[in-house]
Amino acid sequence: MRLLIYSLSLFVLCVSCQKTKWYKKDFSEVDKKEYAQQILQGMLKSYYQGTPPAEHMLFEAQKYDSTNAAIWRELGVPYLKRGYYHDSYYYYDQAVKFEPETWQGYRGYNYLYFYRDFDRAIADFNATDSLTLDFTDYPQGQSVDYMRGIAYYGLGNIERSQEYLHKYINEITSKSDESWVDTYAFLYCGLGYLKEEKPDSAILYFNKLIKYNPNLSDGYFHKASTLFYKGELVEAKKLVDKAEELFKTGSFHKRPYIEVLDQIYMEDIDKLKSQIQDVR
């Protein structure tokens, strides 16, 4: 029995030595980068972002390639989603440093939606354009022109907002058709026209929003509000009732983790209904 235990211990020791030799062997620089990428992909397949195993694997990957921008970005994501924006931006800045073509637009996306730093968002979108001259970038699946339009809307620069929103709408329409446009572009075009006191133009875009996204409360609410402003109370009442119905199902413009610009709430719908009722 003692001989068996000794033999097994010797076997485990030999295996351990082989493993130690493998991890300590000298990788080429190419091998290190490939190994770091393998660790990253293994983490993405196996663990949720921000969990201890995920963090451990990312830091392990960085030992082999500290210039891998995707690793830096993944380290920043949990902080971003949990509201620790200041901490997250250190990691996103490093991602941009090592791979600006890929991550500069993503950082702008974060500045726009999470931080509401509209000036920095616009600067990142502009820089992205200068890096990729032959096509429009879509960080996180959104056109930089569309997001520039939202950023300028947030700054209160409606003229520039409309310029970029229309640029985005026209590009998509020319390549396919209007039904492929992100319908929130119609929403913010309409809201922009309201700020410019152009209710008829606003209604045109709220109609487009309703046409292409008929189950969204926002289009009905804002059209109802505009018609109320114009004194068309009967139609406004019908639309605000529809807005209320859809809102109660959870179908309104919102995003995970954050409040969108000019997000509507049940209090807004109740207030408009009360105003319509008081006039009637």
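Refer to the preceding data block for the structure.
*Asks:* Can you walk me through the nonpolar core in this structure?
*Replies:* As a rule of thumb, nonpolar side chains are buried together in soluble globular proteins. Ranked by size, the top nonpolar core spans 44 residues in total, and within it Leu112, Tyr113, Phe114, Tyr146, Ile169 and Tyr188 carry the most contacts. Among the secondary structure elements, those contributing two or more residues to this core are α4 (69–81), α5 (85–98), α6 (100–115), α7 (118–131), α8 (144–155), α9 (158–175), α10 (183–195) and α11 (199–212). Ranked by the residues each element gives to this core, the list is headed by α10, at eight residues. In this structure Phe114 touches Leu80, Tyr85, Tyr89, Tyr109, Tyr257 and Ile258, once residues within four positions along its chain are discounted.

*Asks:* Hey, could you run me through helix α13 (residues 233–247) in this one?
*Replies:* The periodicity of an α-helix, 3.6 residues per turn, causes residues three or four positions apart to be oriented the same way. In a regular helix each residue adds 1.5 Å, so 15 residues correspond to 21 Å; α13 covers 20 Å between its end C-alpha atoms and thus fits that length. Leu233, Ala236, Leu239, Val240, Ala243, Glu244, Leu246 and Phe247 are the residues of α13 that are buried. Looking down the long axis of α13, one finds its buried residues gathered within 165 degrees of arc, a one-sided arrangement. Structural note: α13 exposes Val234 and Lys238 on the side pointing more than 90 degrees away from its buried face.

*Asks:* Got a minute to help me understand the pattern of salt bridges in this structure?
*Replies:* Where side chains of opposite charge bring their charged atoms close, a pairing between them can arise. Applying the stated criterion across every chain yields a total of 20 salt bridges. Notably, a salt bridge pairs Glu259 with Arg116, separated by 4.0 Å at the nearest N-O pair. Linking Glu259 in the loop between α13 and α14 (266–279) with Arg116 in the loop between α6 and α7, this pair joins segments that are 143 residues apart in sequence. Given a relative accessible area of 39%, Glu259 falls into the partly exposed group. One salt-bridge network, in which partners are shared between bridges, spans Lys237, Asp241, Glu244, Lys248 and Lys273.

*Asks:* Whenever I open this one, α11 confuses me. Can you help?
*Replies:* With 14 residues, α11 ought to run about 20 Å at 1.5 Å a step, and its terminal C-alpha atoms sit 20 Å apart, in line with that. Along α11, the residues classified as buried are Pro199, Ala202, Ile203, Tyr205, Phe206, Lys208, Leu209 and Ile210. Elements that come into contact with the buried residues of α11 comprise α9, α10 and α12 (217–230).

*Asks:* Would you mind going over the side chain of Arg73 with me for this structure?
*Replies:* Relative to the helices and strands, Arg73 resides in helix α4. If we skip the residues at most four places from it in the chain, Arg73 touches Tyr91, Tyr92, Ala95, Trp103, Tyr106 and Gln140.

*Asks:* Looking at this structure, I do not really get the packing of aromatic side chains. What am I missing?
*Replies:* Note on aromatic pairs: each is described by the distance of the centres and the angle between the planes. Enumeration according to the criterion identifies 21 aromatic pairs in this entry. Aromatic rings pair up to connect Tyr85, Tyr89, Tyr92, Tyr111, Phe114, Tyr115 and Tyr257 into one cluster. Lys254 extends its terminal NZ or CZ atom over the ring of Phe252, reaching a point 4.4 Å from the ring centre.

Cut-off values and rules
Residues numbered from 1 in each chain as written. Predicted model: local features only at pLDDT ≥ 70, side-chain atom pairs only at ≥ 80, totals over all residues. Heavy atoms only, no water. Core = buried A, V, L, I, M, F, W, Y, C linked by side-chain atoms within 4.5 Å. Buried < 20%, exposed > 50% of the residue type's maximum accessible area, 1.4 Å probe, protein only. Helix = DSSP H or I, 4+ residues; strand = E, 2+ residues; numbered from the N terminus. Contact = heavy atoms within 4.5 Å. Expected span 1.5 Å × (residues − 1). Arc of directions from axis to C-beta. Salt bridge = Lys/Arg side-chain N within 4 Å of Asp/Glu carboxyl O. Phe/Tyr/Trp six-rings, centres within 6.5 Å; stacked < 30°, edge-to-face > 60°. Lys NZ or Arg CZ within 6 Å of the ring centre and 35° of its normal.

All we've got here are geometric facts, nothing functional implied.
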